[in-house]
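Overview (structure and organization)
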Amino acid sequence: MRFWQAAGAGVSGSEHILFVQDVTQSKEAEKARDQFLYHVTHELRTPLTNIRAYAETLSQGVIDDEQTIRECYNVIMGETRRLNQLVEDILNVSQMEVGSARLDVGEVPMDDMLRKVVQDMQGNADGKQIDLVLSLPAKLPKVRGDRDRLAVVLTNLIGNAIKYTPQAGRVDVSCSAENERVRITVTDTGIGIAPEAQEKIFEKFYRVDDSRVAKIPGTGLGLAIVRETVRMHGGAVFVASTPGKGSTFTVLLPAIGLDESARRGAGTTGERK
Ligand SMILES: Nc1ncnc2c1ncn2[C@@H]1O[C@H](COP(=O)(O)OP(=O)(O)OP(=O)(O)O)[C@@H](O)[C@H]1O
Ligand SMILES: [Mg+2]
């Protein structure tokens, strides 16, 4: 659909000039902004409501049981952390989208990073009796990138694989080198993603409309951050999935090749590509 804005001016007697302007783009931008604000306020509301309710209960001074008081504080702390993470995620993805985010570029050994992230996620996997398996080749070129941001990419992908895989499933993480690129795959035996949702999951705030997803906490920002980060690194991310069977997320990142000395110093800007 296109939107037109018309303005008329009388010239002489019965003659009029009609100015017609195509305002589709600004209408669409307005709609996107409204939707963004709607999502942000919606996501902020729940933790804020909880913090307020628990703080009010504590301030009334009617609870004298130590353990309940501690539980109230824990809820407040947990919700505060959630708010903090949410605000950081929103800022992060917005900055990357508008191109104002910068990469702190260095040489990143993906094997070490994968070992570390997998180790950090082990507790989550164990909690659901999920087998989390990492396979690495003997030798792997380094990646030119931002260590912290790449760790967030891997944490989001492995975190999702664990979140959206039922108890006693399996998550395989692997990494290989090909044509001056490093390929990372995260495969799960989880609920899968319907073909029509596979592109949308990378949009901000999009969550698949499924009761199994709704039960799991999340804001739909993780994959938007993954996509923007990978794009900033000159890489790509894609998904292959079969509902009911599982999903594979693949990330391709430019590797630092053996001929790196020739390229050293080139292409290390933090600009969005
Ligand atoms: N491995 C997966 N298996 C099945 N569905 C997935 C998987 N990864 C993502 N999804 C679907 O894509 C949606 C978007 O994922 P994304 O990581 O952006 O958000 P989230 O996990 O819901 O929340 P957040 O990452 O912000 O905590 C998820 O809500 C889920 O519906
Ligand atoms: Mg996620």
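As a starting point, this report considers the structure included with it. (Residues numbered from 1 in each chain as written. Chains lettered and ligands numbered in written order. Predicted model: local features only at pLDDT ≥ 70, side-chain atom pairs only at ≥ 80, totals over all residues. Heavy atoms only, no water.)

**Looking at the sheet that holds strand 8 (residues 236-242)**
What counts here: In this scheme, strands are said to pair when DSSP sees at least two bridges between them. Strands here are runs of E lasting at least two residues and helices are runs of H or I lasting at least four, both read from the DSSP assignment and numbered beginning at the N terminus. Here an axis means a line fitted to C-alpha atoms, over the contact stretch when the element is a helix, while the angle between two N-to-C directions is reported on a 0 to 180 degree scale.
If you walk across this open sheet you meet the 5 strands as 4-6-7-9-8, and the pairing is mixed. The strands lining the two open edges of the sheet, one partner per strand, are strand 4 (131-135) and strand 8. Going across the sheet, the axis of each strand differs from the next one's by a mean of 15°, ignoring polarity. With 8 bridges joining them, strand 7 (residues 181-188) and strand 9 (residues 246-254) adopt antiparallel strand pairing. When the bridges of strand 9 are listed, T185 appears paired with T250.

**Some words on the site of ligand 1**
Inclusion rule: Being near a molecule or strand, for a residue, means having at least one of its heavy atoms within 4 Å of it. Counting of polar contacts relies on pairs of N or O atoms within 3.5 Å, with two restrictions inside protein: one atom must be capable of donating a hydrogen and the other of accepting it, and residues adjacent in sequence are counted only when both atoms are side-chain atoms. Surface exposure here means Shrake-Rupley accessible area, sampled with a 1.4 Å probe, where a residue is shielded only by the protein chains that are shown.
What surrounds ligand 1 is a group of 21 residues, the closest being N160, Y164, D188, R207 and L223. Here V208 contributes a backbone N or O atom positioned 3.1 Å from an oxygen atom of ligand 1. Side-chain polar atom of T219 to an oxygen atom of ligand 1: 2.9 Å apart, as the coordinates give it. Taken by itself ligand 1 offers 600 Å² of open surface, and the protein chains cover 94% of this.

**Topic: the pattern of salt bridges**
Here is the rule we go by: We define a salt bridge as a contact between a side-chain nitrogen of Lys or Arg and a carboxyl oxygen of Asp or Glu at a distance within 4 Å. The cut-offs for exposure are 20% and 50% of the maximum accessible area for each residue type, with area from a 1.4 Å probe on protein chains only; residues under the lower value are buried, those over the upper are exposed, and the others partly exposed.
This model, assessed by the stated rule, comprises 12 salt bridges. In this structure, K204 engages E97 in a salt bridge whose closest nitrogen and oxygen atoms are separated by 2.7 Å. Residue K204 is located in the loop between strand 7 and helix 5 (211-214), and its partner E97 is located in helix 2 (residues 66-98); the two are separated by 107 residues in the primary sequence. K204 sits in the partly exposed class, given a relative accessible area of 26%. By relative accessible area, E97 is classed as partly exposed at 31%. Where R170 meets D172, a salt bridge forms, and the shortest distance between an N and an O atom there is 2.7 Å.

**Quick notes on the pairing of strand 8**
Burial of the side chains of strand 8 is restricted to one face: V237, V239 and S241 are buried, whereas none of A236, F238, A240 and T242 on the reverse face is. Note that strand 8 and strand 9 share 7 bridges and pair antiparallel. Looking at the pairing, A240 lines up with T248 of strand 9. As consecutive antiparallel partners, strand 8 and strand 9 are separated by 3 residues, and within that stretch G244 has a phi angle of approximately 85°, a positive value.

**Re a negative patch on the surface**
The condition is simple: Like charges within 9 Å and nonpolar side chains (Val, Leu, Ile, Met, Phe, Trp, Tyr) within 5 Å are joined into patches, using only residues over 30% in relative accessible area that form no salt bridge. In this tally, Asp and Glu contribute negative charge and Lys and Arg positive charge; neither His nor the terminal groups of the chain are included. Where a charge lies is defined by one atom per residue type: Lys uses NZ, Arg uses CZ, Asp uses CG and Glu uses CD.
Residues D64, D65, E66 and E71 make up a contiguous surface patch of negative charge. Along the polypeptide, D65 turns up in the loop between helix 1 (24-59) and helix 2.

**Focus: the packing of aromatic side chains**
Quick reminder of the rule: Paired rings are identified among Phe, Tyr and Trp, the last through its six-membered ring, by centres lying within 6.5 Å, and are further divided according to the angle between planes into stacked (under 30 degrees), edge-to-face (over 60) and tilted (the rest).
This structure, assessed with the given rule, holds 2 aromatic pairs. Their ring planes at 55° and their centres at 6.0 Å tell us that F36 and F205 sit as a pair that is tilted. Taken together, the residues F36 in helix 1 and F205 in the loop between strand 7 and helix 5 connect sequence positions 169 residues apart. Summarising the aromatic geometry, the rings of F202 and F249 are spaced 6.3 Å apart at their centres and angled 70° between planes, so their arrangement reads as edge-to-face. Taken together, the residues F202 in the loop between strand 7 and helix 5 and F249 in strand 9 connect sequence positions 47 residues apart. Across the pair, exposure class does not vary: F202 and F249 are buried alike.

From the geometry alone we can't say anything about function, so treat these as descriptive.
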